[in-house]
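# A closer look at the structure
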Amino acid sequence: LIIDCEKNLKEKVYSNVNSWKGDLRVIEKNITPENVVETISDNCNFEIDVFSIDIDGIDYWIIEKLDLAKCKIFIAEYNSTFGDKLKVTVPNIENFHRTKYHYSNLCYGMSLNALTDLMDKKNFYLIGTNMAKNNAFFISKNFNKEKFFPKLKINNHPDQTDSNLRESRDELGKLSYLSGISKFKEIQNCKVIDLSSTSNQEVQLKDLV
């Protein structure tokens, strides 16, 4: 099952795969926290081996709504620009668009700490991140960590958020190639939700460091 708001999605998908092989279902739709549960349940009548989400936006609020009881492996994008200490996400804004929220394209999604905490509540544990340091991989706690990954040791240290991706843009929309702490400074005035507070307070990033 592939769901995306990309126009002409079926044509683009089927130009790369043979549609008659298997039972691939392609849904062209904009996913929101309000429609994600119904959309999944209407189109997915099977247990999920691998669930991957990458929306570049309010991913946290969508994941929060998901029932992942029958899912084994979960993959989600996180925003390494937020660093390794903060538990933050962008606000739950209707029709969120990362470029419109901040010209740099750097303020979107959630921090790795926020994602890991959320997935723990969903009964999943972190097993690692990709080399680009923007996707995290989780396993259902139904698969005992000590049994399946006896030597696994995961800490949310800087190595998992020190991404070498330099996709930042300037105010004219051109690549500015920011790296390191410069990326954080570029979006320090952006508003995020502080998930470490009991009230999920909306604050500017610079107020948290």
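Residues numbered from 1 in each chain as written. Predicted model: local features only at pLDDT ≥ 70, side-chain atom pairs only at ≥ 80, totals over all residues. Heavy atoms only, no water.

### Comments concerning the overall build of the chain
- When helices and strands are tallied, the chain shows seven helices and nine strands.
- The C-alpha radius of gyration computed for the chain amounts to 18 Å, which stays within 12% of the reference 17 Å derived for 209 residues, consistent with globular compactness.
- Along the longest, intermediate and shortest principal axes, the C-alpha atoms of the chain span 50 × 45 × 35 Å.
- Every one of the 209 residues in the chain was classed for burial, and the buried ones make up 41%.
- Contacts spanning at least 24 positions in sequence make up 59% of the contacts within the chain whose residues lie at least 6 apart.
- Roughly 12400 Å² of accessible area belongs to the chain as shown, and the carbon and sulfur atoms make up 47% of that amount.
- Each charge class in the chain was averaged separately, 28 positive and 30 negative side chains, and the resulting centres sit 4 Å apart. (Helix = DSSP H or I, 4+ residues; strand = E, 2+ residues; numbered from the N terminus. Rg over C-alpha atoms; globule rule 2.2 N^0.38 Å. Buried < 20%, exposed > 50% of the residue type's maximum accessible area, 1.4 Å probe, protein only. Contact = heavy atoms within 4.5 Å. Areas by Shrake-Rupley, 256 points an atom, 1.4 Å probe, with all protein chains shown as cover. Lys, Arg positive; Asp, Glu negative; His and termini not counted. Charge placed at Lys NZ, Arg CZ, Asp CG, Glu CD.)

### Here's the deal with the nonpolar core
- Among the nonpolar cores identified, the biggest contains 45 residues, and F51, I63, L68, F74, L115, M119 and F138 are the most heavily contacted of them.
- When contributions to this core are tallied by element, the ones reaching two or more residues are α2 (36-43), β3 (48-53), α3 (59-65), β4 (71-77), α5 (112-121), β6 (124-129), β7 (135-140) and β8 (191-194).
- At five residues, α5 tops the list of elements feeding residues into this core.
- If sequence neighbours within four positions are ignored, M119 has contacts with I63, L68, F74, F124 and F138. (Core = buried A, V, L, I, M, F, W, Y, C linked by side-chain atoms within 4.5 Å.)

### Examining the environment of I48
- Checked against the element boundaries, I48 lands in strand β3.
- For I48 and A69, which are 21 residues apart along the polypeptide, the C-alpha to C-alpha distance reads 9.3 Å.
- In this view, I48 contacts K70, C71 and K72; residues no more than four positions away in its chain are not counted.

### Observations concerning the packing of aromatic side chains
- Tallied over the entire structure, the rule returns six aromatic pairs.
- An angle of 25° between the planes, with centres 5.3 Å apart, marks the rings of F51 and F74 as stacked. With F51 in strand β3 and F74 in strand β4, this pair connects stretches of sequence that are 23 residues apart.
- What makes F51 buried here is its relative accessible area of 14%.
- The class for F74 is buried, based on a relative accessible area of 0%.
- Seen in terms of ring centroids, F96 and Y101 are 5.1 Å apart; in terms of plane orientation they differ by 45°. Their pairing is tilted.
- Its relative accessible area of 24% is what places Y101 among the partly exposed residues.
- An aromatic cluster is built from F51, F74 and F124, whose rings are joined through pairwise contacts.
- Positioned above the aromatic ring of Y108 is the side chain of R98, whose terminal nitrogen or guanidinium carbon lies 3.9 Å from the ring centre. (Phe/Tyr/Trp six-rings, centres within 6.5 Å; stacked < 30°, edge-to-face > 60°. Lys NZ or Arg CZ within 6 Å of the ring centre and 35° of its normal.)

### Quick look at empty space enclosed by the protein
- Taken as a whole, this structure holds one cavity of 30 Å³ or more when the rule is applied.
- Its boundaries defined by the atoms lining it, the largest cavity holds a volume of some 70 Å³. (1 Å grid on protein atoms, 1.4 Å probe; cavity = no way out; pocket = protein on both sides within 12 Å on 5 of 7 lines; lining within 4 Å. Points joined across faces, edges and corners; volume = space filled by probe spheres on them.)

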